[in-house]
Amino acid sequence: MSDSNLLHQRHLLSASEADGHSQGLQAHPSYRLAFSDKDFLMQDELRHVRLQLEYLKPQLVMEQYQVQATIVVFGSARFLSPEQAAENLQQAQARQAATPTDSRLLQQLRQAQRDQKNSRYYDAARRFSHLVTEHSRQHPENAVMVISGGGPGVMEAANRGAYEAGGQSIGLNIVLPHEQRPNPYITPEFCFQFHYFAIRKMHFLQRARALVAFPGGFGTLDELFETLTLLQTGKARQVPVILYDKAFWTRLINFDMLVEEGLIKADDLQLIQFVDSPEQAWQAICGCYQL
C-alpha cells in the first residue's frame, strides 16, 4: 500500500478509532513535556542542564529568604551524641561482661569506648552552633546562618545547636551509595539534596564567612583542602578557616613539613587557625570581623 493510501486511511478512521489512536499518542514518551520527562532529562547530553538546575534550586530559595552569610561546619558523620554513645557503651559493657571470651564483643566494647571519647566533638559542634545562632538572633544586623552537610555526626550537631538556640540552619545533603537521610534539626525550607559534589561545594562556600572543620575523614579533608586551595590561589574571598582540636590536626597533617619542603609558603599557614573550644572558635571569627 502506498504512503498516500496510508494517509488516506488515517483520515477515514472512525471517531472511536481516532480517539484510541490519540490516547496512544499521548501515552508515548515523545509526547511528555520535556521538563517532566525524567528519561529525557537523565541523558548524558542533558548533564549541563541538570548541573544548572541543581545550582539554581537552592540559590533561588536562599535568595527568596535573603540568606546572605553562613558559617560552614564540617566534620565526621560517624561521631555520636554523648547520650547515644553512653547508651551504646553501657550495652556493650553488659554484653561483654556476659560473654567475656567473645572476641567480637570485646571489639564492639572498644568501639563503644572510642565512640564515647569522640562524642566530645559532637558536643563541641553543637555548642559552637548554639553560640553562632544565639549571637545572630541578638544581632540581626550581623546575622550568620550555620550550614552543614545535612547528615549525622558533626553535621547533626551543628544543625542541632542552631535548632536548640531557636534559630534556623541549612543542610546540604548528597546522594550516596548508602542512603544519607537528613538529620531532624535542619530548617525544612533549607533542607536540600544534591547529586553533584561540585555544586554542593559551591553552595557551601558561596555565602561562607568562615569554615570550622572538626576532626573527620576523607570527606572532611576533601572539603578542607579544596577550601584552602581556593583561598591560597585567590579564587575565593578570604575567610577564616578554623581547625578544631590542634592536637588532632597537627598529628594528622604535618603543615610545618610542607613549609620546610617548600611545598607551601610560610604565609600560607596564616590561612589556618587552631582552636580547642567552641568559645575559641567563635571568638576567632568575631575577631576577624570585629563583631
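Note: the structure precedes this text.
Small disclaimer: the values here were computed from a predicted structure and weren't measured.

Colleague: For this particular structure, what's the right way to read the overall build of the protein chain?
Modeller: Scanning the protein chain from N- to C-terminus turns up 12 helices and seven strands. For 291 residues, the compact-globule estimate of 2.2 N^0.38 gives 19 Å, and the C-alpha radius of gyration of the protein chain, at 26 Å, exceeds that figure by more than 25%. Referenced to the eigenvectors of the C-alpha coordinate spread, the extents of the protein chain come out at roughly 85 × 55 × 45 Å. Within the span of the protein chain, comprising 291 residues, buried residues form 40% of the whole. Put simply, of all contacts in the protein chain between residues at least 6 apart along the chain, 69% involve residues at least 24 apart. As presented, the protein chain carries roughly 17,400 Å² of accessible surface, and 52% of it is formed by carbon and sulfur atoms.

Colleague: What is the right way to look at the nonpolar core in this model?
Modeller: In summary, soluble globular proteins display a tendency toward joint burial of nonpolar side chains. Ranked by size, the top nonpolar core spans 30 residues in total, and within it Ile170, Phe192 and Leu243 carry the most contacts. If you look at the next biggest cluster of nonpolar residues, it comprises 27 residues, including Phe79, Ala158, Ala284 and Cys286.

Colleague: Could you clarify how one ought to interpret empty space enclosed by the protein in this entry?
Modeller: Any empty space left between atoms is shown by rolling a water-sized probe over those atoms. Applying the stated criterion across every chain yields a total of one cavity of 30 Å³ or more. The space that makes up the largest cavity amounts to roughly 50 Å³. Along the walls of the largest cavity sit Phe74, Lys201, Phe204, Leu205, Glu223, Glu226 and Thr227, which together make up its complete lining. Contributing elements (two or more residues each) for the lining of the largest cavity: α8 (197-206) and α9 (218-232).

Colleague: Got a minute to help me understand the side chain of glutamine 59 in this structure?
Modeller: One can find glutamine 59 in helix α4 (residues 47-64). One polar contact links glutamine 59 to glutamate 63, side chain to side chain, over a distance of 2.9 Å. Within the structure, glutamine 59 has its side chain in polar contact with the side chain of arginine 207 (distance 3.1 Å). Leave out the neighbours within four places in its chain, and glutamine 59 touches His203, Gln206 and Arg207.

Colleague: Is there a simple way to think about unusual backbone geometry in this case?
Modeller: Negative phi characterises most residues that are not glycine, and trans characterises most peptide bonds. For glutamine 66, which is not glycine, the phi dihedral falls at a positive 55 degrees. Tracing the chain through its elements places glutamine 66 in the loop between α4 and β1 (70-74). A relative accessible area of 64% means that glutamine 66 is categorised as exposed. Backbone geometry at aspartate 245 places phi at a positive 80 degrees, although glycine is not the residue there. Relative to the helices and strands, aspartate 245 is located in the loop between β6 (241-244) and α10 (246-252).

Colleague: Which parts of the structure should I look at to understand the pattern of salt bridges?
Modeller: Charged atoms that come close allow side chains of opposite charge to pair. All chains considered together, the criterion is met by 12 salt bridges. The shortest N-O distance in the salt bridge between arginine 32 and aspartate 39 comes to 3.4 Å. Arginine 160 is the salt-bridge partner of glutamate 164, the closest N and O atoms lying 2.9 Å from each other. One end of the pair is glutamate 164 and the other is arginine 160, both in helix α7 (residues 154-164) and four residues apart, which spans about a single turn. For glutamate 164, a relative accessible area of 37% corresponds to the partly exposed category.

Colleague: Looking at this structure, how should I read the sheet that holds strand β5 (residues 208-213)?
Modeller: Sheets are built from strands paired through backbone hydrogen bonds, the pairs being either parallel or antiparallel. As summarised here, the arrangement of the seven strands in space is β4-β3-β2-β1-β5-β6-β7, forming an open sheet in which the pairing is parallel. Of all strands in the sheet, those with a lone pairing partner are β4 (191-194) and β7 (272-275), marking the two edges. The sheet shows a mean angle of 25 degrees between the axes of neighbouring strands, taken without regard to direction. With four bridges joining them, strand β3 (residues 169-174) and β4 adopt parallel strand pairing. Note on β4: the bridge partner recorded for isoleucine 174 is phenylalanine 194. Against the sheet, α4 makes contact with β3 and β4, and its axis sits at roughly 165 degrees relative to β4, the strand it touches most. Strands in contact with α8 are β1, β2 (145-148), β3, β4 and β5; relative to β3, the strand with the most contacts, it is inclined by about 165 degrees.

Definitions and limits used
- Residues numbered from 1 in each chain as written.
- Predicted model: local features only at pLDDT ≥ 70, side-chain atom pairs only at ≥ 80, totals over all residues.
- Heavy atoms only, no water.
- Helix = DSSP H or I, 4+ residues; strand = E, 2+ residues; numbered from the N terminus.
- Rg over C-alpha atoms; globule rule 2.2 N^0.38 Å.
- Buried < 20%, exposed > 50% of the residue type's maximum accessible area, 1.4 Å probe, protein only.
- Contact = heavy atoms within 4.5 Å.
- Areas by Shrake-Rupley, 256 points an atom, 1.4 Å probe, with all protein chains shown as cover.
- Core = buried A, V, L, I, M, F, W, Y, C linked by side-chain atoms within 4.5 Å.
- 1 Å grid on protein atoms, 1.4 Å probe; cavity = no way out; pocket = protein on both sides within 12 Å on 5 of 7 lines; lining within 4 Å.
- Points joined across faces, edges and corners; volume = space filled by probe spheres on them.
- Polar contact = N/O pair within 3.5 Å; in protein donor to acceptor, adjacent residues only side chain to side chain.
- Salt bridge = Lys/Arg side-chain N within 4 Å of Asp/Glu carboxyl O.
- Pairing = 2+ DSSP bridges.
- Axes fitted to C-alpha atoms, helices over the stretch in contact; angles between N-to-C directions.

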